[in-house]
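A closer look at the structure
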2 protein chains.
Amino acid sequence: MALVVCKFGGTSVGGAERLRAVAQRLVDRKLAGDRVVAVVSAMGDVTDDLVALAQNITDDPAEREMDMLLATGEQVTISLLAMAIHAIGYKAISFTGPQVGIVTDSGHTKAKIQEVRADRVSTALDAGMIVIVAGFQGVTPDGQITTLGRGGSDTTAIAIAAGIGADVCEILTDVDGVYTADPRVVPAAHKLDVVSYEEMLEMAATGAKVLQLRAVEFARNHGVVIHCRSSFNDMPGTIVREVDDSMEQAIISGVTHDTSEAKVTIRDVPDRPGVAAIVFSYMADANVNVDMIVQNVSEEGMTDISFTTPKEDLARAKRAADEVVTELGARLWSVDESIAKVSLVGAGMKTHPGVAAKMFSTLADAGVNLDMISTSSIRVSCVIDGVHVERAVQALHTSFGLDSDSVTAEMSPASGKGA
Amino acid sequence: MALVVCKFGGTSVGGAERLRAVAQRLVDRKLAGDRVVAVVSAMGDVTDDLVALAQNITDDPAEREMDMLLATGEQVTISLLAMAIHAIGYKAISFTGPQVGIVTDSGHTKAKIQEVRADRVSTALDAGMIVIVAGFQGVTPDGQITTLGRGGSDTTAIAIAAGIGADVCEILTDVDGVYTADPRVVPAAHKLDVVSYEEMLEMAATGAKVLQLRAVEFARNHGVVIHCRSSFNDMPGTIVREVDDSMEQAIISGVTHDTSEAKVTIRDVPDRPGVAAIVFSYMADANVNVDMIVQNVSEEGMTDISFTTPKEDLARAKRAADEVVTELGARLWSVDESIAKVSLVGAGMKTHPGVAAKMFSTLADAGVNLDMISTSSIRVSCVIDGVHVERAVQALHTSFGLDSDSVTAEMSPASGKGA
């Protein structure tokens, strides 16, 4: 008998048939002896429809009122899912985020969870109920309705799991788990049984879409075990948990890629102390998220500074770049929107040198030129031309022995990690 | 400068254009110097759509979960209306029923308001905001979301008006006010400038649909002045308030009619003490609302008992009648679904005898037979054959001098009120 939180996304609850299937799945868990909490998103396209309603009224809706509006989406799902469980003949009760004590700050449309007062969930579980909680929403200490922004329902599920001390938080989605690469790009990719929080964070940050970075961070900080699995079958998926460093870990767990960023370059910046600080304080002031940064070797007292940023921040980045060029007396700025980032992630990298070198030679053999490079202790990322992204991911997947019919490739102990 | 609560029904807020018109109307009131609270219903057919969603899941949804579901309808309206006011450039804030302290009992789908903690409304008004409140919904002391059932949004508006001590509660709807008769039936009907709570209660109870009985009762109990007017123009409508008995009042304020009831007759009941009590305790146990009751004169120790009931209660009434017939050894029961009830309402009736006699002779002259009669101190109602309802209402409207181009008819002081 386990205490489980099961989170279902919008696709899994889109429509009466799917809601009935989710209801049956929850009842099956209950019948197997588990204590069950479900966290659900808005059904299908409901959130988009609500956004469209607001856009019919104004181009610039107040964030507090958007939260008031969007929170209705999940509230509809929870009531219908409770009814669907009742229709099978089992006890269930629905709660909104505010009702269940998801207390947030007042950052409307992107609120952060401050506290979970989960007594109500525990009381309903004790009464033999399947408890259904609206994801994505919370309430400020003074009673304002908030939403948690991107990845909000995953975060709700993990927060509830932490609050009630659940054995596991299942994130049920339309994929089977975490793969060694995107199976649409690499048909030989295979599902991972276990990944560490650390690896999952790096994978989520570099393009793996199955789990939200923020939810994984929350899980790591509160020691919540995640089970990422399919909502359409009963196969085990991928467990995300703390992995003991004393255990032997795979050198490479996966190859990720991301084509959602663009590269901005400020050219011929005078190379004196503090210029980078000036560039990136302008970007920060313009609310531009910056990922990788490269400053080229100085030549005749001038240098180029490049960085990558999500394409959705690009309009703001361009305006800020105009100001930077004026402020620093740089020559000009340029943007490349066709880049891709490919990354290797693996906890075993820490103790196995040579991964970066092997990555670079693999890409070179595949005819892929490297534009920018960044590393962490368990990740190496390269920015390349976007037209090569599939070829690069496939080559790396094969080269590092991740293809499902191959064994782990030998690493040459002679090659160091550095390029 | 007045403190006003304005309630808009679903038709008035159905769609972006209408929401914008309501927003402009509220802003105009604000600019005229008033402190303004708006109470709104779900937009257009939204509530019906939500009910249909539930029916796709189950025939018998739990009432608590229906309230969870239906409460989203008004929450969408309040957020969009706040956005529409912002778009004109004015301050507005939306609140759900729970947020604004509409505390109810736990009678889900038909909860009764127990208390209004309106501090939040007053605080927002003090901050210069137009305050928008979701009608129809409340919260139990232990945090369950409830809905107020039929007429709920009107009741919310009146409760808020009472809670903040508003000067007037405007009920804005698709009709201009309270008429002397349904203008679709009587083209010569005219709008009343003022009616007393007492008259409005009788009119609402006998078929006038413009205001809900329950909301008028709440207003009378809390001394809230209602202004019932059109949401589509700025013409004054009808004021509903306490009318000083010392003032001269119209003998007849209006003619109402109602075709929503059916008549049930239990035939040949043994005429002994307690039989009526038995009949109506069976009906009460079956949750059958009973309106008029007539017991015929006894003949050979047997009697007939007839009553009227809303057609929506008829299936339950028939099952209860089966039991009654068995229990009492009555002959049989019969149902007439084609009845209509026509009523005369007027506070002046108290001091002007002869109204009933004149009503009966008017109907007789029009060839309308009377089936059942009931009276209160300010009302006379007759049940007639439904096919005659329009003719009956028209004849009474003319006979009592209510046609818009006629003067009040003289009452013959010789005729008594009794039949």
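Computed from a predicted model, the values in this text were never measured in an experiment.

Within chain A, the secondary structure is distributed over eleven helices and 20 strands. Relative to the globule expectation of 22 Å for 419 residues, the C-alpha radius of gyration of chain A, 24 Å, shows essentially globular dimensions. With the C-alpha coordinates of chain A rotated into their principal frame, the extents come out at 75 × 55 × 35 Å. Taken across its 419 residues, chain A has 48% of its residues classed as buried.

Moving on, we get to the interface of chain B and chain A. In this assembly, 26 residues from chain B lie in contact with 26 residues from chain A. At the level of secondary structure, the elements contributing two or more residues to the side of chain B that touches chain A comprise α1 (16-31), α2 (46-57) and α3 (63-88) of chain B. At 14 residues, the largest contribution of residues to the side of chain B that touches chain A is made by α3(B). By residue class, the composition of the side of chain B that touches chain A is 16 nonpolar, nine polar and one charged.

Once that is clear, we can look at the confidence of the model for chain A. Residue and element names in this part refer to chain A. Here chain A averages 91 in pLDDT, and 95% of its residues register 70 or above. A low-confidence stretch, residues 407-419 (pLDDT under 50), is modelled with 27 contacts involving residues beyond four sequence positions or located in other chains. On the interface metric, ipTM, the complex scores 0.83, and its pTM is 0.85.

A separate point is helix α10 (residues 355-365) of chain B. All names here are of chain B. Of all the residues in α10, the buried ones are V355, K358, M359 and L363. Viewed end-on, α10 has its buried residues packed into an arc of 135 degrees, placing them on one side of the element. The exposed set on the far side of α10, more than 90 degrees from its buried face, consists of S361, A364 and D365. Where the residues of α10 are buried, they touch β18 (339-345), β20 (379-385) and α11 (389-399).

Moving on to the pairing of strand β3 (residues 92-95) of chain A. All names here are of chain A. Residues A92 and S94 point to one face of β3 and I93 and F95 to the other, with burial holding for every one of them. Sheet analysis places β3 next to strand β6 (residues 130-134), joined by four bridges and oriented parallel. When the bridges of β6 are listed, A92 appears paired with I130.

For the rest of this paragraph, the subject is the sheet that holds strand β19 (residues 372-376) of chain B. All names here are of chain B. Strand order in the open sheet formed by four strands is β13-β18-β20-β19, and the pairing between neighbours is antiparallel. Each end of this open sheet is capped by a strand with a single partner; those strands are β13 (254-258) and β19. Sheet twist, expressed as the mean angle between neighbouring strand axes with direction ignored, is 20 degrees. As judged from the five bridges shared by β19 and β20, these two strands associate in the antiparallel manner. Its bridge partner being in β20, S376 is matched across the sheet by R379. Against the sheet, α10 makes contact with β18, β19 and β20, and its axis sits at roughly 20 degrees relative to β20, the strand it touches most. The strands touched by α11 are β13, β18 and β20; relative to β18, the strand with the most contacts, the crossing angle is about 10 degrees.

The domain architecture assigned to chain A consists of domain 1 (3-174) and domain 2 (244-419). A C-alpha centroid distance of 36 Å is found between domain 1 of chain A and domain 2 of chain A.

To describe two helices that pack against each other, one gives the angle between their axes and the distance between the axes. Residues and elements named next belong to chain A. At a minimum axis distance of 8 Å, the contact between helix α5 (residues 152-164) and helix α7 (residues 213-222) shows a crossing angle of 10 degrees. Taken together, α5 and α7 sit at an angle that is classed as roughly parallel. For the pair α5 and α7, the contacting residues are D154, T155, I158, A159 and A162 in the first and R214, A215, F218, A219 and H222 in the second. Looking at the contact of α5 with α7 residue by residue, the class counts come to six nonpolar, two polar and two charged.

Moving on, we come to the pairing of strand β9 (residues 168-173) of chain A. Residues and elements named next belong to chain A. Of all six residues making up β9, five are buried, and the element is well covered by its neighbours. Where strand β1 (residues 3-8) and β9 come together, five bridges link them in parallel fashion. Paired with C6 across the bridge in β9 is E170. Two strands pair when backbone bridges link them, and β9 and strand β11 (residues 226-230) are joined in this way by five bridges, in the parallel orientation. Paired with T173 across the two strands is S230, which belongs to β11.

Definitions and cut-offs
Residues numbered from 1 in each chain as written. Chains lettered and ligands numbered in written order. Predicted model: local features only at pLDDT ≥ 70, side-chain atom pairs only at ≥ 80, totals over all residues. Helix = DSSP H or I, 4+ residues; strand = E, 2+ residues; numbered from the N terminus. Rg over C-alpha atoms; globule rule 2.2 N^0.38 Å. Buried ≥ 20, exposed ≤ 12 C-beta atoms within 10 Å, placed from the backbone. Contact = placed C-beta atoms within 7 Å. Nonpolar A, V, L, I, M, F, W, Y, C, P; charged D, E, K, R; others polar. pLDDT = per-residue confidence, 0-100. Arc of directions from axis to C-beta. Pairing = 2+ DSSP bridges. Axes fitted to C-alpha atoms, helices over the stretch in contact; angles between N-to-C directions. Domains from an automatic or database assignment. Parallel < 35°, antiparallel > 145°, perpendicular 65-115°, else oblique.

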